[in-house]
Amino acid sequence: MRRTIGVREIEDIALGAAVLGTGGGGDPYIGRLMAVQAIEDFGPVELVSVDEVDDDDWSVAIAMMGAPTVMVEKIPGGKEAEHAFRSIESFLGRPIRYLYSIEAGGINSTIPIALAAQLRMPLIDLDGMGRAFPEIQMVTHTLFGITATPFTMADEKGNSAVLSTVDNRWMETFARSIAVNMGATAHIAAYAASGRQQKEAAVRGTMTLAETIGRTIREARAAHVDVIARLCAVTQGQVIFQGKVVDVQRRTVAGFARGEAILEGIGADVGSQMSIDFQNENLIARRNGKVKVSVPDLITMVEEETGEPITTEGLRYGFRVNVIGMPSHPHWRTPAGLAVVGPRYFGYDVDFVPVEARPVPCAP
Amino acid sequence: MRIGIDVGGTNTDAVLMEGRTVVGWAKSPTTLDVSSGITGVLAKLLFETGVAPSAITAVMLGTTHFTNAVVERRSLSRTAVVRVGLPATGALRPFVDWPKDLVEAIGGVSYLVHGGYEFDGRPIAALDEAEVREVARQIHGAGIDCVAVSAVFSPVNTDQEIKVAELLAAEIPGVRVSLSHEIGRIGLLERENAAAMNACLVHLAERIVDSFRRALQELGISAPFFISQNDGTLMSAEFVEKYPVLTFASGPTNSMRGAAFLSGVKDGVVVDIGGTTSDVGVLVNGFPRDASVAVRVGGVRTNFRMPDVFSFGLGGGSHVQSDPLQIGPRSVGYEITRRALVFGGDDLTASDLAVAAGLADIGDRSRVAHLDPAFVAAAVARMAEMIEASIDRMKSAAGDVPVILVGGGTLLVGDRLNGVSELYRPEHAAVANAIGAAIAQVGGEVDRVFSLDATPRAQALAQAKEEAAQRVLREGALPESVEIVEVEEIPLAYLPGNAVRIRVKAVGALALE
């Protein structure tokens, strides 16, 4: 199904992407404004299903990497994405037909849309995560042998880099240190993949999913129906805790904003406590010390009344939230997937248990 | 005894309070010069209560003046934004997400110059002083003397913003510079927006504060005088002249706190109908519900922490057009007692409709007798719909909610509204804002960088809390009333020593009697 992304779709995608961002992925606001501006300047972007992509047509992912708190402060100069794209195009030496998002959660849902409008290129309706994750190798493409190499980066000053590494984990190491030197934000182009590879490896339909989530929240608010119940319905999620933020602790470890939020139960959860650890994204939620949901499943805090997703950097003392757990893509729940993004990768010595295997009904 | 004053777009209200008791209140129209309205209402209040000026221990002022100026796009100074951040930030220019009519109203022009900082304090580019001087000359040449300066990561390093202010001052005689780091937090666009709105209000603030001051002097009141901020705490008069933007949501905060105080309702919706605008907010446990997301003021996104309020242009002084029917957002404001039909004027206002419909009995009723009853009915129904829609927008569940009506414009509302379980019109509701101002608290904030390697986190937090509490005490709070209301930690990535910015805010009740 071919369709176009206009300004209204971007608003919905950005809101849905904040839900899929699981507290991280960067505030989609800046990316949304950039995408809206590009569409106003260059016209709507064509969105195509991966089934329509020819097996031999190539696509590359466009993204921003770095610290989310930096992205809302040091706004891009405007030429970085095209610079990164031109670098990878010339390095690959083959025509690139499509752009795609590596990360449907957070700011990277909209960054490729801005470039797609500018270059008048179609976007494929898929991503590499189905959510947001903090590291470059954490894409389903890695599980299918697709390499991040060649990997290009560009900053606002005009610097660029082309990286080639033995695996995607090494790419994370090198690219991160370059990004830090670029001022903790950079635009990247990477994960060149053929249509054939995308059909096998990608998480399909996630641009549409983000848009559906955003539209659902918008419409539920307008109709004054239970936003959170609707949100659970479209994401197959469940409310795992209702609480008030009583403490947020943050520290920076090896370039990532790590921390912990403590929630005191309200409503049905009075008397209980939940702790949520995050590394840019929410990683693990424990109720009274017992693990309730962990990566790769999605943990998102939303404002209890409006369903507005709350980012880890926006989290503050006193917020009243519902914590929603959502299932991750089946690719992530395989042994290979869990090796890349499971709880042990993030340093938690617990077995992954799917969110739906610890049933909690959605709050009425 | 203390006096709370609310200077609205239409009326100036004053209450005299002793402890939790309302000793007396008075209301009079806001005047063009502001001060004579205050003088008038205070003279009335002191006369009616028989209290001597010397018995007044403090005067607290709340005003929606600055918010109204932005909402109505009126009395705003022409403003330039100088953003320091090239070669970064060009993708989104200043004013990017603003309503176009507001940008036009302030003649918003923007300049991008090289500079700004990385997250770790390294410069993105060196500040080019010649470039800034050239920009300053262009701003001066355009006849603009209100300038907002926003540098990338100025909350981390304030040097470039301060340097740009010096360069602007050297080139533009009498320039008023609003520096973004003094107003907002991390988040370039939101901080810049707040600074730009502050800049366009500075001249107005100087006039308003001056007239407040003169009004009090004329009455022989020598008590200290405070102005309400967004969060319900008070700031000094000198402070508001430089930072009028910090008063933005004080009106709604005061009215909601006043409404909760007067009605005893702790959970419900407060509709404050003024002369020019109506503000709808939600009380949760007696306090305004905070907006947990970026708040828009006059259509502009900011990152202040503010009460979650929906404002729209309906008030007692709203202009009414008949064909097609349109009510507000323009308002006769403080001139209602001269310009409304029932007061002998020529302007058809929302209050005239309320009188014609029999909802209120003010002024000369015969002067609206000629209005077509069908038109009056349609217009009154439209006003009810506007209010119902705003309540509907703010409430979070589909059921009916209790609603407290406050403010001078409550006469626009009949006996019932759809979607409302119970309609409260508490005694003294017309002066809820002034009461809210009079129960206002003082605040103290600590915003500092700690190295968590040198100071354990618990100790750093305890230290920041203690300092904030001390500041509140220095502002004159009762020791037993001091509480910590906000704690925020911002990690400063990649700095040695695990640096974290800790911001703690404490409030307490002002010790007076």
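Given the structure is predicted, the values throughout are model-derived calculations rather than measurements.

**Focus on the overall build of chain B**
So, point 1. Broken down by element type, chain B carries 13 helices and 23 strands.
So, point 2. A compact globule built from 513 residues should have a C-alpha radius of gyration of about 24 Å, and chain B, at 24 Å, falls within 12% of that.
So, point 3. Here the C-alpha coordinates of chain B stretch approximately 70 × 50 × 50 Å along the principal axes.
So, point 4. Every one of the 513 residues in chain B was classed for burial, and the buried ones make up 55%.
So, point 5. Intrachain contacts of chain B at a sequence separation of at least 6 include 67% that bridge at least 24 residues.

**Thoughts on the overall build of chain A**
So, point 1. Within chain A one finds 11 helices and 18 strands.
So, point 2. Considering only C-alpha atoms, chain A reaches an extent of 60 × 45 × 35 Å along its principal axes.
So, point 3. Within chain A, buried positions represent 60% of all 364 residues.
So, point 4. Across chain A, contacts joining residues at least 24 apart in sequence account for 75% of those joining residues at least 6 apart.

**Side note on the pairing of strand E6 (residues 109–114) of chain B**
Residue and element names in this part refer to chain B.
So, point 1. One ladder, built from six bridges, connects strand E5 (residues 79–86) with E6; its direction is parallel. Bridge assignment links Ala80 to a residue of E6, and that residue is Val109.
So, point 2. Where the polypeptide runs from E5 across helix H3 (residues 100–105) and back to E6, its parallel neighbour, the crossover connection is right-handed.

**Considering the packing of helix H1 (residues 7–20) of chain A against helix H9 (residues 206–223) of chain A**
Two packed helices can be described by the angle between their axes and the distance between those axes.
Residues and elements named next belong to chain A.
So, point 1. Here H1 crosses H9 at 95°, and the two axes come no closer than 6 Å. Accordingly, the angle class assigned to the pair H1 and H9 is roughly perpendicular. Residue-level contacts link Glu9, Glu11, Asp12, Ile13, Ala14, Leu15, Gly16, Ala17, Val19 and Leu20 of H1 to Met207, Leu209, Ala210, Glu211, Thr212, Ile213, Gly214, Arg215, Ile217 and Arg218 of H9.
So, point 2. Each residue belonging to the contact of H1 with H9 can be placed in one class, and the counts come to 11 nonpolar, three polar and six charged.

**Here we look at the interface of chain A and chain B**
So, point 1. Taken residue by residue, the interface counts 34 residues in chain A and 33 residues in chain B.
So, point 2. Residue assignment for the side of chain A that touches chain B shows that the elements contributing at least two residues are helix H2 (28–42), helix H3 (68–71) and strand E11 (238–253) of chain A.
So, point 3. In terms of residues, the side of chain A that touches chain B owes the most to one element, E11(A), which gives five residues.
So, point 4. Residues that form the side of chain A that touches chain B fall into these classes: 16 nonpolar, eight polar and 10 charged.

**Notes on H2(A)**
Residue and element names in this part refer to chain A.
So, point 1. With 15 residues, H2 should reach 21 Å at 1.5 Å per residue; the first-to-last C-alpha distance of 20 Å fits that figure.
So, point 2. Burial within H2 is extensive, with 12 of its 15 residues counted as buried.
So, point 3. Looking at H2, one finds that the buried residues are Pro28, Tyr29, Ile30, Gly31, Arg32, Leu33, Met34, Ala35, Val36, Gln37, Ala38 and Ile39.
So, point 4. Phi for Gly43, located one or two positions after H2, is positive at around 100°.

**Here's the deal with the domain arrangement of chain B**
So, point 1. Assigned domains of chain B: these are domain 1 (2–70 + 207–263), domain 2 (79–201), domain 3 (311–434) and domain 4 (440–509).
So, point 2. Averaged C-alpha coordinates put domain 2 of chain B and domain 3 of chain B at centres separated by 41 Å.

**Some remarks on the packing of H1(A) against H2(A)**
All names here are of chain A.
So, point 1. Following both chains from N to C, one finds H1 and H2 inclined at 165°, their axes separated by 10 Å at the closest point. If you check the angle between H1 and H2, you find them roughly antiparallel. Handedness of the crossing formed by H1 with H2: right-handed. Contacts between H1 and H2 involve Val7, Ile10, Glu11, Ala14, Ala17 and Ala18 from the first element and Pro28, Gly31, Arg32, Ala35, Val36 and Ile39 from the second.
So, point 2. In the contact of H1 with H2, the residues fall into nine nonpolar, one polar and two charged.

**Let's talk about helix H7 (residues 168–181) of chain A**
All names here are of chain A.
So, point 1. Taking 1.5 Å per residue, 14 residues should reach 20 Å; H7 reaches 20 Å between its end C-alpha atoms and fits that length.
So, point 2. For H7, the set of buried residues is Asn168, Met171, Ala175, Arg176, Ala179 and Val180. Around the axis of H7, the buried residues are gathered within 150° of arc, so they sit on the same side. Relative to its buried face, H7 has exposed residues pointing more than 90 degrees away, namely Thr173 and Ser177.
So, point 3. Immediately beyond the C-terminal end of H7, within one or two residues, lies Gly183, with a positive phi of roughly 100°.

**Some words on the environment of B:Asp6**
So, point 1. For B:Asp6, the location among the structural elements is in strand E1 (residues 2–7).
So, point 2. Discounting chain neighbours no more than four positions away, the residues touching B:Asp6 are B:Asp13, B:Gly62, B:Asn254, B:Asn433, B:Ala434 and B:Ala437.

**A short note on the confidence of the model for chain B**
So, point 1. On average, residues of chain B score 88 in pLDDT, and 96% of them reach the 70 mark or higher.
So, point 2. The ipTM, which scores confidence in the relative placement of chains, is 0.85 for this predicted complex, and the corresponding pTM is 0.79.

**A short note on unusual backbone geometry**
So, point 1. Of the consecutive residues A:Thr149 and A:Pro150, the connecting peptide bond is found in the cis state with omega at -10°.
So, point 2. Position of A:Pro150 relative to the elements: it lies in the loop between helix H6 (140–143) and strand E7 (151–154).
So, point 3. Cis geometry is adopted by the peptide bond preceding B:Pro87, which originates at B:Leu86 and carries an omega value of 10°.
So, point 4. Within the secondary structure, B:Pro87 is located in the loop between E5 and H3.
So, point 5. Positive phi is not limited to glycine here, since A:Asn288 has a value of about 45°.
So, point 6. A positive phi angle, close to 55°, is found at B:Arg73, a residue other than glycine.
So, point 7. If you trace the backbone, B:Arg73 turns up in the loop between helix H2 (65–71) and E5.

**Describing the sheet that holds strand E7 (residues 146–151) of chain B**
All names here are of chain B.
So, point 1. Taking strand neighbours across the sheet as the criterion, the four strands line up as E6-E5-E7-E8 in an open arrangement whose pairing is parallel. Two strands bound the open sheet, and with one partner strand each, they are E6 and strand E8 (176–179). Ignoring strand direction, the axes of neighbouring strands in this sheet form an average angle of 25°.
So, point 2. Running over the sheet, helix H4 (residues 129–141) touches E5, E6 and E7 and is turned about 170° from E6.
So, point 3. Sitting on the sheet, helix H5 (residues 159–171) touches E5, E7 and E8, and the angle it makes with E7 is about 155°.

**Things to note about the environment of B:Val368**
Residue and element names in this part refer to chain B.
So, point 1. Looking at the secondary structure, you find Val368 in the loop between helix H10 (350–356) and helix H11 (373–394).
So, point 2. Classification of Val368 by C-beta neighbours within 10 Å gives buried; the count is 20.
So, point 3. In contact with Val368, not counting residues within four places along its chain, are Leu341, Val342, Asp352, Val355 and Ala356.

**As for the domain arrangement of chain A**
All names here are of chain A.
So, point 1. Domain annotation of chain A identifies domain 1 (3–206) and domain 2 (230–357).
So, point 2. Using only C-alpha atoms to locate each centre, domain 1 and domain 2 end up separated by 25 Å.
So, point 3. Those elements that provide at least two residues to the side of domain 1 that touches domain 2 are H1, H3, H6 and H7.
So, point 4. Residue classes in the side of domain 1 that touches domain 2 are distributed as 12 nonpolar, 10 polar and three charged.

**As for the pairing of E8(B)**
All names here are of chain B.
So, point 1. Alternating residues of E8 divide into Arg176 and Ser178 and Val177 and Leu179, and every residue in both groups is buried.
So, point 2. Here E7 pairs with E8 via four bridges, running parallel. Paired with Cys146 across the bridge in E8 is Arg176.
So, point 3. Regarding topology, H5 serves as the crossover connection from E7 to the parallel E8, and that connection is right-handed.

**What about the environment of A:Ile188?**
Residue and element names in this part refer to chain A.
So, point 1. By secondary structure assignment, the location of Ile188 is in strand E9 (residues 185–194).
So, point 2. A count of 33 C-beta atoms within 10 Å places Ile188 in the buried class.
So, point 3. Between the C-alpha atoms of Ile188 and Met65, which are 123 residues apart in sequence, the distance is 7.1 Å.
So, point 4. Discounting chain neighbours no more than four positions away, the residues touching Ile188 are Ala63, Met65, Ala84, Phe151, Thr152, Met153 and Ala175.

Calculation rules
Residues numbered from 1 in each chain as written. Chains lettered and ligands numbered in written order. Predicted model: local features only at pLDDT ≥ 70, side-chain atom pairs only at ≥ 80, totals over all residues. Helix = DSSP H or I, 4+ residues; strand = E, 2+ residues; numbered from the N terminus. Rg over C-alpha atoms; globule rule 2.2 N^0.38 Å. Buried ≥ 20, exposed ≤ 12 C-beta atoms within 10 Å, placed from the backbone. Contact = placed C-beta atoms within 7 Å. Pairing = 2+ DSSP bridges. Right-handed = clockwise from strand over helix to strand, strands pointing away. Axes fitted to C-alpha atoms, helices over the stretch in contact; angles between N-to-C directions. Parallel < 35°, antiparallel > 145°, perpendicular 65-115°, else oblique. Nonpolar A, V, L, I, M, F, W, Y, C, P; charged D, E, K, R; others polar. Expected span 1.5 Å × (residues − 1). Domains from an automatic or database assignment. Left-handed = near helix turned anticlockwise from the far one by under 90°. Arc of directions from axis to C-beta. pLDDT = per-residue confidence, 0-100.

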